[in-house]
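A look at the structure
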Amino acid sequence: MEKTLVILKPCTLQRGLIGDILKRFEQKGLRLVGLKMMQLTDQLLSEHYAHLSSKPFFQRVKDSMMTAPVIVCCYEGVDAIAAVRALAGPTNGRLAAPGTIRGDFSMSFQENIVHTSDSAETAEIELNRFFSANELFTYKQSSFDYLYASDEF
Ligand code: ADP
């Protein structure tokens, strides 16, 4: 089982889409193991988006992420990192396929609704950055036996 980080960006909160987006992950069958609201800071975003530090839009992306609080979530499931990336769709919402979150809710490269971890290594670093251990929960998902075949986990 993998854990992955999802951030519902300020555009999602301001557009009143929090419920719609959480619903996508819920109906997929991902297990929600952590959820909280946070106001992000320039320092935390500089770490989180360090891979974009040479890009001309680096500061603009960070500023956009600080315009309102975000919702941070940890989801768990078999191959959860890839499954969540597939649900989100590619970065540019205009090019994301209908049916993906970005394809259904975004017209923008930047204002693209969600952040999702892109690898196992990044997911671990990002979860440690945004959650402390006591904010992540372990519980039996009552639907579990109906979500997977017995050889899938
Ligand atoms: P992703 O969020 O799809 O993993 P990246 O890690 O490359 O994509 O970029 C992080 C965030 O920076 C994107 O989600 C988006 O908000 C913003 N971003 C990336 N590339 C661009 C771009 N060319 N123009 C504007 N914003 C961008």
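Anyway, here's the lowdown on the structure attached to this text. (Residues numbered from 1 in each chain as written. Predicted model: local features only at pLDDT ≥ 70, side-chain atom pairs only at ≥ 80, totals over all residues. Heavy atoms only, no water.)

**Let's talk about the side chain of Gln 110**
So the rule is basically this: Helix and strand assignments come from DSSP, with helices taken as H or I runs of at least 4 residues and strands as E runs of at least 2, each series counted from the N terminus. N or O atoms within 3.5 Å of each other form a polar contact, as long as, within protein, one can give a hydrogen and the other can take it, and as long as residues adjacent in sequence are counted only when both atoms are side-chain atoms. Contact between two residues is taken to exist if any of their heavy atoms lie within 4.5 Å; hydrogens are not considered.
Tracing the backbone through its elements, the reader meets Gln 110 in the loop between helix 6 (101-105) and strand 4 (114-116). In terms of polar contacts, Gln 110 uses its side chain to reach the side chain of Arg 60, at 2.8 Å. In contact with Gln 110, other than residues within four places in its own chain, are Lys 9, Arg 60, Val 61 and Ser 64.

**Considering the pairing of strand 3 (residues 70-77)**
Rules: Remark: exposure states derive from per-residue accessible area (1.4 Å probe, protein chains only) relative to the maximum for the residue type, with buried under 20%, exposed over 50%, and partly exposed in between. Should DSSP find at least two bridges between two strands, the strands are taken to pair.
Strand 3 sits mainly inside the fold: eight of its eight residues count as buried. A two-sided burial pattern is seen for strand 3, the buried positions comprising Val 70, Val 72, Cys 74 and Glu 76 on one face and Ile 71, Cys 73, Tyr 75 and Gly 77 on the other. By the bridge criterion, seven bridges tie strand 1 (residues 2-8) to strand 3 in an arrangement that is antiparallel. Counted as the bridge partner of Val 6 is Cys 73 from strand 3. Bridge analysis of strand 2 (residues 31-38) against strand 3 gives seven bridges, and the strand direction is antiparallel. Paired with Met 38 across the bridge in strand 3 is Val 70.

**Quick look at the pattern of salt bridges**
Under the convention used in this document: When a carboxyl oxygen of Asp or Glu lies within 4 Å of a side-chain nitrogen of Lys or Arg, that pair is called a salt bridge.
Within the structure shown, the criterion is met by six salt bridges. Of the charged contacts in the structure, one is a salt bridge between Lys 36 and Glu 135, with a shortest N-O distance of 2.9 Å. Of the two residues, Lys 36 is situated in strand 2 and Glu 135 in the loop between helix 7 (120-130) and helix 8 (144-147); the sequence distance between them amounts to 99 residues.

**What about the site of the ligand?**
The criterion, for reference: For each residue, the test is whether any non-hydrogen atom lies within 4 Å of the molecule or strand; if one does, the residue is near. For the area figures, the Shrake-Rupley method with a 1.4 Å probe applies, and any residue is considered shielded solely by the protein chains shown. The definitions used throughout rest on a 1 Å grid laid over the protein atoms alone, on which a cavity is an enclosed set of points accommodating a 1.4 Å probe that cannot get out and a pocket is an open set flanked by protein within 12 Å on both sides along at least five of seven lines; lining residues are those having an atom within 4 Å of a point. A molecule is counted as occupying a cavity or pocket when more than half of its atoms fall within 2 Å of that pocket's grid points. Each residue gets one label: Ala, Val, Leu, Ile, Met, Phe, Trp, Tyr, Cys and Pro are nonpolar, Asp, Glu, Lys and Arg are charged, and the others, such as Gly, are polar.
In the neighbourhood of the ligand, 13 residues make up the surrounding shell, with Lys 9, His 51, Thr 91, Gln 110 and Asn 112 lying closest. In this structure, Arg 85 approaches the ligand through a side-chain N or O atom, which is 3.0 Å from an oxygen atom. Thr 91 places a polar side-chain atom, nitrogen or oxygen, 2.6 Å from an oxygen atom of the ligand. Burial of the ligand by the protein amounts to 83% of the accessible area it has alone, namely 530 Å². The pocket occupied by the ligand, as judged from atoms lying within 2 Å of grid points, is the largest pocket. Each residue belonging to the shell around the ligand can be placed in one class, and the counts come to five nonpolar, four polar and four charged.

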